[in-house]
Amino acid sequence: MDTLIFGGLLATLIALYRDASRMVVLGAWWVVLIAVTLLTAHHVTSGLALTLSY
């Protein structure tokens, strides 16, 4: 999970470094944000299925 998040952030950083258009950078940022949200939701719900208490 961490590898996917850091990979997405690295891709966004590379887009910034290469002076990509604003739409490309914002698109990459939104893709990373959605991926992080979905992965976190999956992580939390799978942890709750194991009857873990927080």
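Structural notes, computed from the coordinates. Note that this is a predicted model, so its numbers are computed, not measured.

## Digging into the overall build of the protein
Alright, step 1. Scanning the protein for helices and strands turns up two helices and zero strands.
Alright, step 2. Residues counted as buried form 13% of the 54 residues belonging to the protein.
Alright, step 3. Accessible surface computed for the protein: about 4600 Å², of which carbon and sulfur atoms make up 74%.

## A short note on unusual backbone geometry
Alright, step 1. If you check the backbone angles, Asp 19 has positive phi at about 55° while not being a glycine.
Alright, step 2. As for its placement among the helices and strands, Asp 19 is situated in the loop between α1 (2-17) and α2 (22-49).
Alright, step 3. The exposure class of Asp 19 is exposed, given its relative accessible area of 68%.

Rules used in this analysis
Residues numbered from 1 in each chain as written. Predicted model: local features only at pLDDT ≥ 70, side-chain atom pairs only at ≥ 80, totals over all residues. Heavy atoms only, no water. Helix = DSSP H or I, 4+ residues; strand = E, 2+ residues; numbered from the N terminus. Buried < 20%, exposed > 50% of the residue type's maximum accessible area, 1.4 Å probe, protein only. Areas by Shrake-Rupley, 256 points an atom, 1.4 Å probe, with all protein chains shown as cover.

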